Amino acid sequence: MSHSHPSSSENRKSKTKQSKSLDSSSEKKIKKMGDANATNNYKMFKFFNRKFKISELKPPPDVEDIFSKFAAGGDLMSPDQFRTFLIEHQAEKSVTLADAKRILHEFSLRRQHLTDPKHKKDKKQSKENKTAAPAHQTHEHGLTLDEFFNFLFEEEFNGPIKREVHHDMTAPLSHYFIYTGHNSYLTGNQLSSDCSDVPIIKALERGVKVIELDLWPTSSKQDVQVYHGRTLTAPVTLVKCLKSIKEHAFDKSPYPVVITFEDHLTTKLRCIVAEMVTQIFGDMLYYPKPEDPMTEFPSPEALKYRIIISTKPPKVGEGNDKDSSEESEKSDCSDKETESKTAVDIKPVQSEAPEYAELITIHAGKPMGGLKEALEVGEKVRRLSLSEQKLEKAAEDHGADIVRFTQRNILRIYPKGTRVTSSNYKPHVGWMHGAQMVAFNMQGRDKLLWLMHGMFRANGGCGYVKKPGFLMHKGPNNEVFDPRRHLMVTKTLKVKVYVGNGWHLDFSQTHFDSFSPPDFYTKVYIVGVPADCAKYKTEIKDDEWIPVWDEEFTFGMTVPELAILRIEVREYDRSDKDDFGGQTCLPVSELRTGFRSVALYDHKGEKYTSVRLLMRFQIESNLAPA
């Protein structure tokens, strides 16, 4: 594996942080980017003016070579040659000549829009445009080298992963990883932050498909509110949360939203919740008929635009002081097995709130006895909840049992109770055991949350990702995938980082350093099963707003289906912590090979307007052909 270590430089700067906002004077300066004669001016101690020549953004040698190859050595790549490039180099096998022409036409229109955002139609503009190529010219005649390079940098046309839903969506819900939130109503920490519908809305807009609400009586015992029980969190009304879910459930995709209730209610209040849910959601609410034994979950396709409820069904005696919450032992770090045994099948019992119980589609529970017994697969499907700690302990002795359970049933993992700052845990432990609902605190900004966002960029960002086939496979003797088994490397990923651009558009000139341009470097990681985890970083490029690295890294993977490529740009700071320059996480299974434009995101997972990396991805199989 090749990679370059950062070299130390004697002229590293001391960094002074400034506002991110881009003032008008900076805006004028950034327009010079790409002009070979342009300079950046930085003042030092009010007496000295330091000038730094701005590097010109130009195609890397690899891009020049590929252009020459597919343009047959000419100065223009025709639409037919462009189609051949897309098929052979970018592995977009189904592209037709009509598709290639359409892409070129849309690209030329976009370039015209960027250079003329106001679309003025006056005579002056018309006169100025006489010397410019009309929008249809690129469409008809193809691309020059510079236009080809600009196309490669356009994420809209040349992004790293597919934008469309392309997984089979007709399998039962248990066949999918589902984008899952934990305590979805919290705005901050787990002990004293406000509760609101705002984080619920943000999660739904991002594509989260499982929303958790903790239900508690109001002080009058006459209504229901949502908050983190036995803490100082300020409540929000249930009705407000439900109305916001209804309004935003399908902002990102039409696939079903699951609401998990942590129920701390009386029988009377459960009846109120049942009425509230049915009135607010109406025909959007899906629940099985009483005579339906639910031996298999419906599919995401069958549940489009539907809301489903998942909670522990209340039983006789749980109407007043009994707590039917699945997570009432969140702060218990032990794995006690002294309670009564969990029933393998959900047996019909008399409910004190029949209207409420009938609305539950996914019956939930937690292991109340031996874990092995709780993981036994019965006739009826259900959901089991485990804390992150209990999962880790269970994985040591019952890994195959967990995989077998999750082939038909749903397993939800939730953070341990000591994560009071709303931090998160390693999601791959759950995923490699087939856990569908790996519940995360979505209001944070930690690197583990970046991985969660990256995982669910797969399949068009619809919130449902089909589990790998090996997690669903069952042998003739009921044997399943064993996560503890040593595996061979099956695929090799080569990642080449060429050049970065756009920081000068999204940050002020002195954001990274008061006295000189930034010193960027890129870190590249594979995060997945333990055997696959690896990281490298590029050299540091001094005083460059447009850093050129041209470095390649190689990763061997045993389980590429669960691997995530994490990319992070940092700005070197000799005297303080290196500044953050952007990040993204991409599911390896979804990577589009060839040259790709990779957009970067901020700490909170919001995409920067302009910051991009030009990269190349190559994936090779290590398996012998059949």
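Above this note sits the structure.
Residues numbered from 1 in each chain as written. Predicted model: local features only at pLDDT ≥ 70, side-chain atom pairs only at ≥ 80, totals over all residues. Heavy atoms only, no water.

Asks: Requested: an account of the overall build of the protein chain, with residues and values cited.
Replies: Helix and strand counts for the protein chain come out as 18 helices and 21 strands. The buried share of the protein chain, reckoned over its 626 residues, is 55%. Taking all contacts inside the protein chain whose residues are at least 6 apart in sequence as the whole, residues at least 24 apart take part in 75%. Accessible surface, the protein chain as shown: approximately 28,400 Å² in total, 50% of it carbon and sulfur. (Helix = DSSP H or I, 4+ residues; strand = E, 2+ residues; numbered from the N terminus. Buried < 20%, exposed > 50% of the residue type's maximum accessible area, 1.4 Å probe, protein only. Contact = heavy atoms within 4.5 Å. Areas by Shrake-Rupley, 256 points an atom, 1.4 Å probe, with all protein chains shown as cover.)

Asks: Tell me about unusual backbone geometry, residues and numbers included.
Replies: One non-glycine residue with positive phi stands out, namely Tyr305, at about 60 degrees. Within the secondary structure, Tyr305 sits in the loop between helix 11 (267-281) and strand 8 (307-311). Note on Tyr305: relative accessible area 49%, which makes it partly exposed. Positive phi, close to 55 degrees, is recorded for Asn459, a residue that is not glycine. Tracing the backbone through its elements, the reader meets Asn459 in the loop between helix 16 (447-455) and strand 13 (464-466). Using a relative accessible area of 0% as the deciding quantity, one classes Asn459 as buried.

Asks: Help me get a handle on the pairing of strand 19 (residues 579-587), residues and values and all.
Replies: Most of strand 19 sits inside the fold, with nine of its nine residues counted as buried. Pairing between strand 18 (residues 564-571) and strand 19: eight bridges, direction antiparallel. From the neighbouring strand, Val569 faces strand 19, where its bridge partner is Gly582. (Pairing = 2+ DSSP bridges.)

Asks: Help me get a handle on the packing of helix 9 (residues 198-206) against helix 10 (residues 238-248), residues and values and all.
Replies: At a minimum axis separation of 9 Å, helix 9 and helix 10 run at an interaxial angle of 20 degrees. As summarised for this structure, helix 9 and helix 10 are arranged roughly parallel, according to the angle between their axes. For helix 9 against helix 10, the interelement crossing comes out right-handed. Every residue of helix 10 that contacts helix 9 at Ile200, Ile201, Leu204 and Glu205 is listed here: Cys241, Ser244, Ile245 and His248. Of the residues contributing to the contact of helix 9 with helix 10, the split by class is five nonpolar, two polar and one charged. (Axes fitted to C-alpha atoms, helices over the stretch in contact; angles between N-to-C directions. Parallel < 35°, antiparallel > 145°, perpendicular 65-115°, else oblique. Left-handed = near helix turned anticlockwise from the far one by under 90°. Nonpolar A, V, L, I, M, F, W, Y, C, P; charged D, E, K, R; others polar.)

Asks: Could you give an account of the sheet that holds strand 4 (residues 210-217), with specific residues and numbers?
Replies: Sheet strands line up and pair through hydrogen bonds in the backbone, either parallel or antiparallel. With mixed pairing, nine strands are arranged side by side in an open sheet as 6-5-4-7-8-9-10-11-12. Unpaired on one side and paired on the other, strand 6 (236-237) and strand 12 (437-438) mark the two borders of the sheet. Where strand 9 (residues 360-365) lies against strand 10 (residues 383-387), two bridges are found, and the strand directions are parallel. The partner of Ala364 across the bridge, within strand 10, is Arg383.

Asks: Go over the nonpolar core, please, and point to the residues and values.
Replies: Formed by 110 residues in total, the largest nonpolar core has its most connected members in Leu213, Ile245, Ile259, Phe281, Ile307, Trp503 and Leu565. Sorting elements by how many residues they give to this core places helix 11 first, with seven residues. Beyond its immediate stretch of four places on either side in the chain, Trp503 contacts Phe512, Phe520, Trp545, Pro547, Trp549, Val569, Gly581, Leu600, Val611 and Leu613. Within the second largest apolar cluster, 27 residues are counted, among which are Val63, Phe107, Phe151 and Tyr498. (Core = buried A, V, L, I, M, F, W, Y, C linked by side-chain atoms within 4.5 Å.)

Asks: Break down the pairing of strand 9 for me, with residues and values.
Replies: The buried count for strand 9 comes to five of six residues, which makes it a mostly enclosed element. Bridging between strand 8 and strand 9 involves three bridges; their strand directions are parallel. The residue of strand 9 that forms the bridge with Thr311 is His363.

Asks: So what about the packing of aromatic side chains? Which residues, and what values?
Replies: Following the criterion strictly, the structure yields 26 aromatic pairs and no others. Plain terms: the ring middles of Phe82 and Phe151 are 5.2 Å apart, the flat faces sit at 85 degrees to each other, and that makes the pair edge-to-face. Remark: Phe151 occurs in helix 7 (residues 145-152) and Phe82 occurs in helix 3 (residues 79-88); sequence separation between them is 69 residues. On the basis of relative accessibility, which here comes to 1%, the residue Phe151 falls in the buried class. With a centroid separation of 6.2 Å and 85 degrees between ring planes, the pair formed by Tyr176 and Tyr464 is classed as edge-to-face. (Phe/Tyr/Trp six-rings, centres within 6.5 Å; stacked < 30°, edge-to-face > 60°.)

Asks: Mind laying out helix 14 (residues 388-406), listing which residues take part and the relevant values?
Replies: Taking 1.5 Å of rise per residue, 19 residues should cover 27 Å, yet helix 14 covers just 16 Å from first to last C-alpha, more than 12% shy of that figure. The sharpest bend along helix 14 comes to roughly 105 degrees, located at His398. (Expected span 1.5 Å × (residues − 1). Bend = angle between axes of the 7 residues up to and from the residue.)

Asks: Lay out the pattern of salt bridges with the relevant residues and their values.
Replies: If you walk through the whole model with that rule in mind, you get 25 salt bridges. Measuring nitrogen to oxygen at the nearest pair gives 3.0 Å for the salt bridge that ties Lys607 to Glu155. Residue Lys607 is found in strand 21 (residues 607-621), and its partner Glu155 is found in helix 8 (residues 155-158); the two are separated by 452 residues along the sequence. In this structure, Lys372 and Asp401 form a salt bridge, with 3.1 Å as the shortest nitrogen-oxygen distance. Of this pair, Lys372 sits in helix 13 (residues 371-374) while Asp401 sits in helix 14, placing them 29 residues apart in sequence. (Salt bridge = Lys/Arg side-chain N within 4 Å of Asp/Glu carboxyl O.)

Asks: How would you sum up the environment of Lys240? Please name residues and give values.
Replies: Counting through the fold element by element, Lys240 comes out in helix 10. Here Lys240 falls in the partly exposed class, since its relative accessible area comes to 43%. When the C-alpha positions of Lys240 and Val226 are compared, they lie 9.6 Å apart, and in sequence the two are 14 residues distant.

Asks: Describe the side chain of Asp263, with residues and values.
Replies: Tracing the backbone shows Asp263 in strand 7 (residues 257-263). There is a polar contact of 3.0 Å between the side chain of Asp263 and the side chain of Tyr356. (Polar contact = N/O pair within 3.5 Å; in protein donor to acceptor, adjacent residues only side chain to side chain.)

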